[in-house]
Amino acid sequence: MIPPVANPDPTDPILRVGGLTVSFATDRDPVTAIRDVSFDVNPGEILSIVGESGSGKTVSLLSILGLTDPRTTTTSGSVIFKGKRILELPDREMRRIRGREIALISQDPMTALTPVYTIGMQIAEQIRAHQSISRRGARKRAVELLGEVGLPNPSEMVDRFPHQLSGGMRQRAVIAMALSCNPALLVADEPTTALDVTVQAQVLDLLRRLRKDFGSSIILITHDMGVVGEMADRVLVMYAGRVVESGTAEQIFDDPWHPYTWGLLASIPPLRGPRPERLASISGTPPTPANLPPGCAFAPRCRFRFEPCSNPPPRYKDDGHTALCFIPPEDRPRLRATVLGGERSAA
Amino acid sequence: MTDAAVLAARSQAESSAPPLLEARHLSKRYHFGKRLLPGSGKIVHAVDDVSLAVFPGETLGLVGESGCGKSTLGRCLTRLYEISEGELLFEGREIGHVGARQLKPYRRKVQMIFQDPSGSLNPRRRVADILAQPLRVHGIRPRAEIDDRLRELMDLVGLPPGYLDRYPHEFSGGQRQRIGIARALAMEPQLIVADEPVSALDVSVQAQIVNLFADLRDQLALTYVFIAHDLAVVRQVSTRIAVMYLGSIVELGSTDTVYGRPAHPYTEALLSAIPEPHARQQCERIVLQGDLPSPISPPPGCRFHTRCPFADDRCRTERPLLRPLDDGRSVACHYPRTEVSRTAGT
Amino acid sequence: MALTILQRLFQMLFVMFGISVLAFLIFFATPGADPAARIAGRNASPETVAAVRANFGLDRPLPIQYGLMMKRLFVTRDLTSFVNRGQRVIPQVLDAAPITLCLVVGAAFFWLVGGVVLGLLAAALRDSFIDKASMAIALVGVSIPAFWLGEVLNLVSQSRFHDTWLFAWVPALGYKPFWSDPWMWFKTLLIPWISLATLYIGLYGRVLRANLVEAYQEDFIRTARAKGLSPGRVLIKHALRTSLIPFITLFGLDFGALVGGQALLTEVVFGLNGIGRLTYQSLQTLDLPVILATVIYASFFVVMANALVDVVYVLIDPRVRGS
Ligand SMILES: Nc1ncnc2c1ncn2[C@@H]1O[C@H](COP(=O)(O)OP(=O)(O)O)[C@@H](O)[C@H]1O
Ligand SMILES: Nc1ncnc2c1ncn2[C@@H]1O[C@H](COP(=O)(O)OP(=O)(O)O)[C@@H](O)[C@H]1O
Ligand SMILES: [Mg+2]
Ligand SMILES: [Mg+2]
């Protein structure tokens, strides 16, 4: 267990998540959606969490923010934000962190805003929840924020209802709202998945600019390796509720360790160069938390599985790079070459 | 009756055979809003004067941002929607405006696959019933052979025959898409129009289905129209590409030509917007400003001029038609990028 | 937005016209029955029937008959009842209308407020005692007819326990106009209101609870909570407002049913001389002009209530406002 830090050093991680495990009570047995997730977020850093749908990305975020339903959810582990253990905070104090210090951008801009209020009202509402400022002052700030995120005509947009905006504009409004209290940490849950590539490029540009101008740390959840490659400083690869690999973006892209990461990278069709005859796909489908295989959860789909894989895999660590896999370091290059080779030789 | 646009629609087809399916000046409009009072209804020009030819054995990729009319065009091509204007020819015969009876043989030869197959799979019927129904209705196979055919279909799409007794909800997204494909194949079609067939799937599963499409094409000599907004996927499966913007085709050519050197500024922007994992540190990116204009009141002149970084007065007034370039592809732009750079280079 | 509302009001006029035509046709153009004989009442002499025929212009073409009828209903207001020997119909209806209006509007107020409060409590304290109790109230409410409940309340408050401290305040049956004595007015109507509202409070509470619970699955509620808003604010400002939309729709439907059915019987039970009681009496004597007038007036009530519901829609949901 990490002892709470009284006076945080500016270079210390602003968020430390240790051994986070979340399970849900369901009609049948309780299911464990995420298991033993640990990571740090350093100041000014973009940490990307990638994984297929159902791998537990959203659940990790929501439990960090304390937004899971306490009636059906049990959470264990530690989440330390700026030296404070926040999982144990009473709701009243947690509310002061939510929206002010940690802000959320959720996946679908079409449904993330309350349909019956103007976007200006919704932004002002958040500002007024955390600062004593007049109604008019909050509205003025909302107009400024909308301008900052690059919405045209912010003073007119502020009175628009969500349905009167396009998807890209709504996502900007959501981002403006998240920024309204200058949060130290921005958590973005698939912020561009529902958008077209051209609009995605605008939004990613905006996030990069925010990091530069405000020095916010960002947790960027996505399933798109392209977005990761472009945005992330560090990467967490999740599979079936566990972090199977983590490291810097260079480590993940240039020297990935886990066969799942290999498959993930190889299954993306390239945009230039020769086209492979067939894509290197991962066979099968991801397991659901209710029927996880014993041992390594990826083993049934892994083409390199061998006897030990029916046991819980060890975590290899080296220079901040970790992987949850039995494959010994010296075998990795050779095995990975067969993944790439299958792809190349067919081309 | 082959005007310039129709010729441009055939650009860079590899085969010299006549087109399997050809759309000529096809338009599709939706009317909505109150139509009691004249002039109060609104018209969406979802597909606007599109000419397109699909040749036997090829895969024609249809790309563009959401709302540009890809699905509408796909459904017009399969005659799921009525065509507002223009002609549709299948193997040279006009089928755009014929009645249901004359359409029946065509309905068999052209099948559509959707993004979310569960919407079209009856949840109360077993897979075997779902697949056998078209065989019975169209009398494709004698009754005695149906069981064998079902096994064959499951084998084609890579599912164990034991799954025939299950219900759609027992399958994962990727497996359901395989069943959707099997159902289309049951009709022994010549042409399959696939509308975003892999968009709802996870990357690892997406790659499996993309591979399946390629395998089936080789095994069954199928022709595809493959609609998707993911340009990397479309590049992987297509031999030719049509890029759509606001209801029109702006660029059409072989995959390598279009991806290698896009001629339309829109294609160029679209390609440069894709984040790439393999080539990290992106070079210059063209970020399009603004949003797609409304298809209810499309801008005059070139539809793309409101977002085009190179637009001038001519673009704002005169609408460019799809025309062939020297390198074989067709483009609807007054100042194609390839020509601009060539003149700039000399 | 003003345009949308105006449009709706115009539609309302159109619907009212349709209803009046329909009611007229049912009463005056049913094949195989002579309207004159029916208006004249049972056992009327041939002279009376002839007088009725001339009086209502029943020998003239239908459109003219309709025009005459509407003129006498709304313009000259001199429609007379033959059964009751020349009594003017319209003043009767106009006297009765405010009583019915007070009854149904008051009951609607109680059931809306009660439904919202119950729904909010049940949703906020999900699975608690209140949540389960609201379920029981709903079940009881939908299974008891309002007039029966009214009779029981009457029995309890007027005779059995009237002399106890609990019901000593209950006045005698009948209606007291608001202007003469507001407090008395309130007291005479309170028990009728309750007996009508009980029918719906539980049901509406459940409907709202279900909508609220559903709203809590929505992304925008997650956004609101992630903003650091208090649970109360999330519930009232974000969840309730969007959940009210189906609630109001249901209200529009039930209000019509209330005016057409339950209110009628309730008026009879509590001796309130409203439109319902008037209709009830004229049905017993088959007084056709009165029935026609009450049917048309009552249906206007319903149409106006529904137009009001639509205006409320426009106010709470910006999406239905025209752009
Ligand atoms: N409230 C809940 N009750 C039960 N299971 C849940 C709940 N929320 C999420 N899960 C399960 O947890 C797993 C992870 O979900 P999620 O974090 O949403 O995945 P991701 O965001 O990576 O797509 C899924 O299998 C999902 O079914
Ligand atoms: N049934 C419909 N009624 C009215 N407009 C429609 C209908 N279907 C699609 N549209 C409009 O037509 C345009 C093209 O839609 P669509 O073909 O679905 O595009 P895509 O598949 O490229 O996303 C869009 O602007 C869309 O809003
Ligand atoms: Mg998610
Ligand atoms: Mg579509």
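Reading the values: rules and limits
Residues numbered from 1 in each chain as written. Chains lettered and ligands numbered in written order. Predicted model: local features only at pLDDT ≥ 70, side-chain atom pairs only at ≥ 80, totals over all residues. Heavy atoms only, no water. Near = heavy atom within 4 Å. Polar contact = N/O pair within 3.5 Å; in protein donor to acceptor, adjacent residues only side chain to side chain. Helix = DSSP H or I, 4+ residues; strand = E, 2+ residues; numbered from the N terminus. Core = buried A, V, L, I, M, F, W, Y, C linked by side-chain atoms within 4.5 Å. Buried < 20%, exposed > 50% of the residue type's maximum accessible area, 1.4 Å probe, protein only. Contact = heavy atoms within 4.5 Å. Buried area = accessible area lost by both parts, 1.4 Å probe. Salt bridge = Lys/Arg side-chain N within 4 Å of Asp/Glu carboxyl O. UniProt positions renumbered as here; feature names shortened; annotations may be inferred. Pairing = 2+ DSSP bridges. Domains from an automatic or database assignment. Nonpolar A, V, L, I, M, F, W, Y, C, P; charged D, E, K, R; others polar. Areas by Shrake-Rupley, 256 points an atom, 1.4 Å probe, with all protein chains shown as cover. Axes fitted to C-alpha atoms, helices over the stretch in contact; angles between N-to-C directions. Expected span 1.5 Å × (residues − 1). Bend = angle between axes of the 7 residues up to and from the residue.

## Concerning the site of ligand 1
Residues and elements named next belong to chain A.
Item 1. Around ligand 1, the neighbouring residues are Phe24, Ala33, Glu52, Ser53, Gly54, Ser55, Gly56, Lys57, Thr58, Val59 and Pro289.
Item 2. The separation between an oxygen atom of ligand 1 and a polar main-chain atom of Gly54 is 2.8 Å.
Item 3. At 3.1 Å, a backbone N or O of Gly56 approaches an oxygen atom of ligand 1.
Item 4. In terms of residue count, helix 1 (residues 57-64) provides more of the shell around ligand 1 than any other element does, three residues in total.

## Here we look at the nonpolar core
Item 1. Residues Leu150, Ile181 and Leu185 of chain B are the most contacted members of the largest nonpolar core, which totals 70 residues.
Item 2. With seven residues, the top contributor of residues to this core is helix 7 (residues 203-220) of chain B.
Item 3. If we ignore the near neighbours within four places in the chain, the residues touching Leu185 of chain B are Arg149, Leu153, Leu156, Val157, Ile192, Leu216, Leu220 and Leu222 of chain B.
Item 4. Residues Ala123, Leu190, Ala224 and Ile245 of chain C belong to the second largest nonpolar core, which totals 51 residues.

## Re the interface of chain C and chain A
Item 1. Counting from both sides, the interface comprises 23 residues of chain C and, opposite them, 31 residues of chain A.
Item 2. For the pair chain C and chain A, the summed buried surface comes to about 2,400 Å²; carbon and sulfur atoms form 55% of the total.
Item 3. It is Arg222, Arg225 and Lys227 of chain C that lose the most area in chain C upon contact with chain A, and together they represent 26% of the buried surface on that side.
Item 4. One can count two salt bridges joining chain C with chain A.
Item 5. Put simply, Glu125 of chain A and Lys227 of chain C hold a salt bridge, and the shortest N to O gap is 2.9 Å.
Item 6. The tally of links between chain C and chain A comes to twelve residue pairs in polar contact (both at pLDDT 80 or more).
Item 7. Contributing elements (two or more residues each) for the side of chain C that touches chain A: helix 9 (219-226) and helix 10 (231-270) of chain C.

## So, the UniProt feature "domain: ABC transmembrane type-1" (unreviewed entry) in chain C
Item 1. Residues given the UniProt feature "domain: ABC transmembrane type-1" (unreviewed entry) here are residues 97-313 of chain C.
Item 2. The span residues 97-313 of chain C is 82% helix and 0% strand, and its two end C-alpha atoms sit 26 Å from each other.

## Brief notes about helix 10 (residues 265-272) of chain B
Item 1. In terms of burial, helix 10 of chain B is largely enclosed, as seven of its eight residues are buried.
Item 2. Within helix 10 of chain B, burial applies to Pro265, Tyr266, Thr267, Ala269, Leu270, Leu271 and Ser272 of chain B.

## Here's the deal with the pairing of strand 1 (residues 21-32) of chain B
Residues and elements named next belong to chain B.
Item 1. Bridge count between strand 1 and strand 4 (residues 85-90): five bridges; the pairing is antiparallel. By the bridge assignment, Ser27 is partnered in strand 4 with Glu85.
Item 2. Sheet topology note: the strand 1/strand 2 (residues 42-54) ladder contains nine bridges and is antiparallel. Bridged to His31 within strand 2 is Ile43.

## What about the pattern of salt bridges?
Item 1. Taken as a whole and judged by the stated rule, the model has 44 salt bridges over all chains.
Item 2. Overlapping salt bridges, with partners in common, bring together Arg108, Arg141, Arg149, Glu152 and Glu188 of chain B in one network.

## Comments concerning the pairing of strand 9 (residues 234-239) of chain A
All names here are of chain A.
Item 1. Burial runs high along strand 9: six of the six residues are buried.
Item 2. As paired strands, strand 3 (residues 46-50) and strand 9 are joined by four bridges and run parallel to one another. Each residue of the ladder has a partner; that of Ile49, found in strand 9, is Leu236.

## Quick look at the UniProt feature "transmembrane region" (unreviewed entry) in chain C
Item 1. Taking the numbering used here, the UniProt-annotated feature "transmembrane region" (unreviewed entry) corresponds to residues 12-30, 96-121, 133-150, 183-203, 244-270 and 290-316 of chain C.
Item 2. Across residues 244-270 of chain C, the secondary structure splits into 100% helix and 0% strand, with the terminal C-alpha atoms separated by 32 Å.

## So, the domain arrangement of chain C
All names here are of chain C.
Item 1. Its domain assignment divides chain C into domain 1 (2-89) and domain 2 (96-321).
Item 2. Distance between the C-alpha centres of domain 1 and domain 2: 32 Å.
Item 3. Contacts between the two partners involve 26 residues from domain 1 and, on the opposite side, 23 residues from domain 2.
Item 4. Looking at the side of domain 1 facing domain 2, the largest losses of area belong to Arg8, Met16 and Phe27, adding up to 25% of the total buried there.
Item 5. Taken together, domain 1 and domain 2 are joined by zero salt bridges.
Item 6. Secondary-structure elements contributing two or more residues to the side of domain 1 that touches domain 2 are helix 1 (2-28), helix 2 (35-40), helix 4 (62-75) and strand 1 (80-81).
Item 7. With twelve residues, helix 1 is the largest single contributor of residues to the side of domain 1 that touches domain 2.
Item 8. By residue class, the composition of the side of domain 1 that touches domain 2 is 18 nonpolar, five polar and three charged.

## Comments concerning the site of ligand 2
Residue and element names in this part refer to chain B.
Item 1. Residues in contact with ligand 2, as listed here, are Tyr30, Val44, Ala46, Glu65, Ser66, Gly67, Cys68, Gly69, Lys70, Ser71, Thr72 and Pro295.
Item 2. Side-chain polar atom of Tyr30 to a nitrogen atom of ligand 2: 3.4 Å apart, as the coordinates give it.
Item 3. In the environment of ligand 2, an oxygen atom lies 2.6 Å from a nitrogen or oxygen atom belonging to the side chain of Ser71.
Item 4. Protein chains bury 64% of the 560 Å² of accessible surface belonging to ligand 2 in isolation.
Item 5. Of all elements in the fold, only strand 2 and helix 2 (70-77) reach the threshold of two or more residues within the shell around ligand 2.
Item 6. Taken together, the residues that form the shell around ligand 2 break down as five nonpolar, five polar and two charged.

## Quick notes on the side chain of Lys57 of chain A
Residues and elements named next belong to chain A.
Item 1. Position of Lys57 among the secondary structure elements: in helix 1.
Item 2. Among the polar contacts listed, one links the side chain of Lys57 to the backbone oxygen of Gly51, at a separation of 2.9 Å.
Item 3. Beyond its immediate chain neighbours, meaning those up to four positions away, Lys57 contacts Ile49, Val50, Gly51, Glu52, Glu190, Ile221, Thr222 and Met238.

## A look at the sheet that holds strand 4 of chain B
All names here are of chain B.
Item 1. Read from one edge to the other, the open sheet built from four strands follows the order 2-1-4-5, with strand pairing classed as antiparallel. Looking at strand neighbours, the two that pair on one side only are strand 2 and strand 5 (93-94), the edges of this open sheet.
Item 2. Bridging between strand 4 and strand 5 involves two bridges; their strand directions are antiparallel. Each residue of the ladder has a partner; that of Leu89, found in strand 5, is Glu94.
Item 3. Docked against the sheet, helix 2 engages strand 1, strand 2 and strand 4, running at close to 120° with respect to strand 1.

## Describing the environment of Asp155 of chain B
Item 1. The residue Asp155 of chain B is located in helix 5 (residues 146-156) in this model.
Item 2. Since its relative accessible area comes to 62%, Asp155 of chain B is described here as exposed.

## So, helix 10 of chain C
Residues and elements named next belong to chain C.
Item 1. Between its first and last C-alpha, helix 10 extends only 43 Å over 40 residues, short of the 58 Å set by a 1.5 Å rise per residue.
Item 2. Along its length, helix 10 reaches its greatest deviation from straightness, about 50°, at Leu258.
Item 3. One or two residues past the end of helix 10 sits Gly271, with phi positive at roughly 65°.

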